Amino acid sequence: MTKISKPQIGNHSTIKEICSNPIGHDIVKKLLLQLKMQSKWIENPIVGLIRIGLIRKILRRKVDDGFFEAFFHLLNQEQNPYTGTRAENREKTWWKEAIFYQIYPRSFCDSNKDGIGDLGGVLEKLDYLKELGVDVIWLSPVYDSPNDDNGYDIRDYFNILSEFGTMEQFDCLLRAIHDKGMRLIMDLVVNHTSDEHPWFQMALKDPQSKYRDYYFLRTEQNNWTSFFSGSAWNYYEEQKLYGLHLFSKKQMDLNWENKELREDIKQMIRWWLAKGVDGFRMDVINYISKEENLPDGDKTIGSLMGYYGIEKYFYGPKLHMYLQEIRKEAFEPFQAFSVGEMPGIGQEMGKLLTGKNRRELDMFFSFDHLENPGKVRFDDYSYDLNYLKEYLMDWNQNYSSVCQLSLFYNNHDNPRFISKVTDDCSYHKLIAKLLAVIQFTQKGTPFIFQGDELGMTNSKFQHISDFRDIESLNLYRELVQEKGEGEVLRILNAGSRDQGRGVMIWNEHKYAGFSEKQPWIWSQEQPVVASVEEQKKDQNSVFVFYQDLLHFRKDNDTLIYGDTYFYGKHKKNIFAYRRADQSQSFYIHCNLSKQEQIFKTYYPVKTLLFSNYETLKADRMKPYEVRVYDCE
Ligand code: TEU
Ligand code: CA
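Keep in mind the model is a prediction, meaning the values are calculated, not measured.

Asks: I keep staring at the overall build of the protein chain and nothing clicks. Help me out?
Replies: Counting its secondary structure elements, the protein chain contains 23 helices and 22 strands. In terms of principal-axis extent, the alpha carbons of the protein chain reach across some 70 × 65 × 55 Å. For the protein chain, with 632 residues in total, the buried portion stands at 62%. Contacts in the protein chain between residues at least 24 apart in sequence constitute 70% of all its contacts with a sequence separation of at least 6. Carbon and sulfur atoms form 51% of the exposed surface of the protein chain, whose accessible area is close to 25800 Å². Side-chain charges of the protein chain comprise 81 positive and 90 negative groups, with the mean position of each set lying 5 Å from the other.

Structure follows, in structure tokens:
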């Protein structure tokens, strides 16, 4: 069927036409979020008729032409929204049913008393994970690395970092995971390599080397900035060249335009899949296609986003081509699973990247739910769970009908979600269980981050020397003159990625049973969370609640493939929904606030199956109370 190409987006386009463009839809939605404006504002038919040219005239003093040209250029890359159907998405498959569990190996368990987590430690805890109800382990990078970004700066894709162990230990771990009926996905970091990777070393040394074109080495830089502060360019005096790094100065961006590079990447992926690895989580995979000639980023966008140049690579011109190529030539021959980590990608772009008939990725991580609108990770504020409700209803209705949503609250790049809601630890256990019910009864694939099952919260870092994350250390240097030590420490305690990298709390011994030696990361004020050993003995612990919920989910396909009906959509502080199929129906009712709420179900219920309180009031929901019922 020939696609009727839509007219190019430009000044003549109306807001309605902009929003029917997949990229336009997502960007406008994100802008409204940042401006804390309701999307119904642009759904108004009168507003929809306004032409961009008029808006351009009104804003001409505030917004330069470059912004609109960049905006039109981006939108005109993608004319048509995803055409997949609900029926295509109904297919049953293991990664829609599985419970994933992310391990940050450095902080999981230390088996050789050097204060650093390792593969031996993961092996020791497989039975723990199996007993919890985990089906798939996502292992953050364990490849050889100088650890400038804790392993996300790979020096050798075919070797294990010596601090973590050996390839033999990896092979033994993979066998043990499969023997226990679990799967393993690895972290694929191919937007960049370490500057210590042989490819980069040869690229610098020999101008004739084929590896020189594996990277962005040029005689001039542009205005792009790094996610870890400062310019996105290193200058190499000897070669008189600039090298591109979107992340740390030791993480050099790969030039995916180069066919030989892509062949090397595919060969590496196949090598790991041939060992039996079941798939990959793909690190910032939407950044791999940069706009030709790396043009300067628009200044307005740069100041809005806080990073210059992002619109030139977050959804680049050949992204789909590259993803289709690696899927066809590396993933499909092994039926391997793929989940893309894709900062900045919204619903419509997400469908074009993960829809079944696109044959690119299986799923992706969106991050728009991790902060309230208008907030960023380093803002010290109380997260309003009503926004999580809006987010989940929106994605359920506008994404989950044709694609599989990933459901997560935490990872190694974010502070602990519970601590975002409140720092009052008297509510932490209640919130942990409330969040767990939502995560395991909503439609989508749950990703647990290590410690979630304990109700893990933030640490308190007293001094900059407590921090380890390069992003935080760079940010401290960038801000401390202007803001002073105290204020910067407050900002870092609110948003540092080190908050997600605290060691697992296995028992009440020194260093939480993680190691017998002081761990590589150890703040004086550890999270106020009971250990695994304690929680396993306590029927009311978060751990036991997780176990019961995971078994409940596994025993009831309704929670995996059933339909979702939301109630009280506009009722503040109440999140009520039902999951149903022909065989059964479950009703979930949540109080999203610290205040008591009137309790009245929106649907007839039968038996109470779960609650995070031991005693319940007939007509009231206590603070952060959640109940799960089966229905008539
Ligand atoms: O993260 C990329 C990413 O989007 C976030 O890390 C975010 O950009 C960053 O926190 C700055 O705001 C992936 C990995 O998860 C992260 O650990 C790595 O540092 C990064 O890519 C580079 O590999
Ligand atoms: Ca160790």
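Asks: Is there a simple way to explain helix H18 (residues 428-441) in this structure?
Replies: Residue pairs three or four apart in sequence face the same way in an α-helix, which turns once every 3.6 residues. Between its first and last C-alpha atoms H18 spans 20 Å; for 14 residues at 1.5 Å apiece the expected length is 20 Å, and the two agree. Most of H18 is tucked away, with 13 of its 14 residues classed as buried.

Asks: How should the site of ligand 1 be read in this particular structure?
Replies: If you check the shell around ligand 1, you find 18 residues, and the closest are Asp149, Arg281, Asp283, Asp413 and Arg497. Between Asp283 and ligand 1, the recorded distance is 2.8 Å, taken from a side-chain N or O atom to an oxygen atom. In the environment of ligand 1, an oxygen atom lies 3.2 Å from a nitrogen or oxygen atom belonging to the side chain of Glu471. The class makeup of the residues in the shell around ligand 1 is six nonpolar, three polar and nine charged.

Asks: When you look at the coordination of the calcium ion (ligand 2) in this model, what are you seeing that I'm missing?
Replies: In the first shell of the calcium ion (ligand 2), the protein supplies Asp110 (OD), Asn112 (OD1), Asp114 (OD), Ile116 (O) and Asp118 (OD), at 2.2 to 2.4 Å from the metal. Donor residues for the calcium ion (ligand 2) sit on one chain with the sequence pattern D-x1-N-x1-D-x1-I-x1-D. Residue Ile116 is classed as buried on the basis of its relative accessible area, which comes to 11%.

Asks: Any chance you could explain the pairing of strand E22 (residues 626-631) here in plain terms?
Replies: Looking down a regular strand, the side chains alternate between one sheet face and the other. In terms of residue burial, E22 counts as a mostly covered element, since six of its six residues are buried. Bridging between strand E18 (residues 585-591) and E22 involves five bridges; their strand directions are antiparallel. Note on E22: the bridge partner recorded for His589 is Arg627. Pairing of strand E20 (residues 605-611) with E22, which is carried by five bridges, proceeds in the antiparallel orientation. The partner of Thr607 across the bridge, within E22, is Asp630.

Asks: Sorry if this is basic, but what is going on with the sheet that holds strand E2 (residues 136-139) here?
Replies: Paired through backbone hydrogen bonds, the strands of a sheet run either parallel or antiparallel to each other. As summarised here, the arrangement of the eight strands in space is E13-E12-E11-E5-E2-E1-E15-E14, forming an open sheet in which the pairing is parallel. Strand pairing shows two members of the sheet lacking a second neighbour, strand E13 (363-365) and strand E14 (406-407), which therefore form its edges. Sheet topology places strand E1 (residues 100-103) next to E2; four bridges connect them, and they run parallel. Bridge pairing links Gln102 to Trp138 in E2.

Asks: Please clarify how the environment of Leu370 should be interpreted in this entry.
Replies: Tracing the backbone through its elements, the reader meets Leu370 in the loop between E13 and helix H16 (385-398). Sequence separation between Leu370 and Gln324 is 46 residues; the distance between their C-alpha atoms is 29 Å. If we ignore the near neighbours within four places in the chain, the residues touching Leu370 are Tyr381, Tyr383, Phe408, Tyr409, Asn414, Phe417 and Lys420.

Asks: Can you help me understand the packing of helix H2 (residues 22-34) against helix H15 (residues 347-354) in this one?
Replies: At a minimum axis separation of 7 Å, H2 and H15 run at an interaxial angle of 135°. Judged on the interaxial angle alone, H15 and H2 are oblique. Where H2 abuts H15, its residues Pro22, Ile23, His25, Asp26 and Lys29 lie against Gln347, Glu348, Met349, Gly350 and Leu352. Looking at the contact of H2 with H15 residue by residue, the classes come out as four nonpolar, three polar and three charged.

Asks: Help me out: how do you make sense of the packing of aromatic side chains in this one?
Replies: Two numbers describe a pair of aromatic rings. These are the distance of the centres and the angle of the planes. A full pass over the atoms with the stated rule returns 61 aromatic pairs. Consider the rings of Tyr128 and Trp506, whose centres lie 5.0 Å apart with planes at 80°: the pair is edge-to-face. Placement of Tyr128 in helix H9 (residues 126-132) and of Trp506 in the loop between helix H20 (485-495) and helix H21 (532-536) is noted, with a sequence separation of 378 residues between them. Residues Tyr128 and Trp506 agree in their burial class; the two are buried. Among the aromatic residues, ring-to-ring pairing joins Trp94, Trp95, Phe100, Trp138, Phe337, Phe365, Phe367, Phe408 and Phe447 into one connected group.

Here is what the cut-offs are and how they apply
- Residues numbered from 1 in each chain as written.
- Chains lettered and ligands numbered in written order.
- Predicted model: local features only at pLDDT ≥ 70, side-chain atom pairs only at ≥ 80, totals over all residues.
- Heavy atoms only, no water.
- Helix = DSSP H or I, 4+ residues; strand = E, 2+ residues; numbered from the N terminus.
- Buried < 20%, exposed > 50% of the residue type's maximum accessible area, 1.4 Å probe, protein only.
- Contact = heavy atoms within 4.5 Å.
- Areas by Shrake-Rupley, 256 points an atom, 1.4 Å probe, with all protein chains shown as cover.
- Lys, Arg positive; Asp, Glu negative; His and termini not counted.
- Charge placed at Lys NZ, Arg CZ, Asp CG, Glu CD.
- Expected span 1.5 Å × (residues − 1).
- Near = heavy atom within 4 Å.
- Polar contact = N/O pair within 3.5 Å; in protein donor to acceptor, adjacent residues only side chain to side chain.
- Nonpolar A, V, L, I, M, F, W, Y, C, P; charged D, E, K, R; others polar.
- Donors = N, O, S within 2.8 Å, 3.2 Å for Na, K, Ca; no water.
- Pairing = 2+ DSSP bridges.
- Axes fitted to C-alpha atoms, helices over the stretch in contact; angles between N-to-C directions.
- Parallel < 35°, antiparallel > 145°, perpendicular 65-115°, else oblique.
- Phe/Tyr/Trp six-rings, centres within 6.5 Å; stacked < 30°, edge-to-face > 60°.

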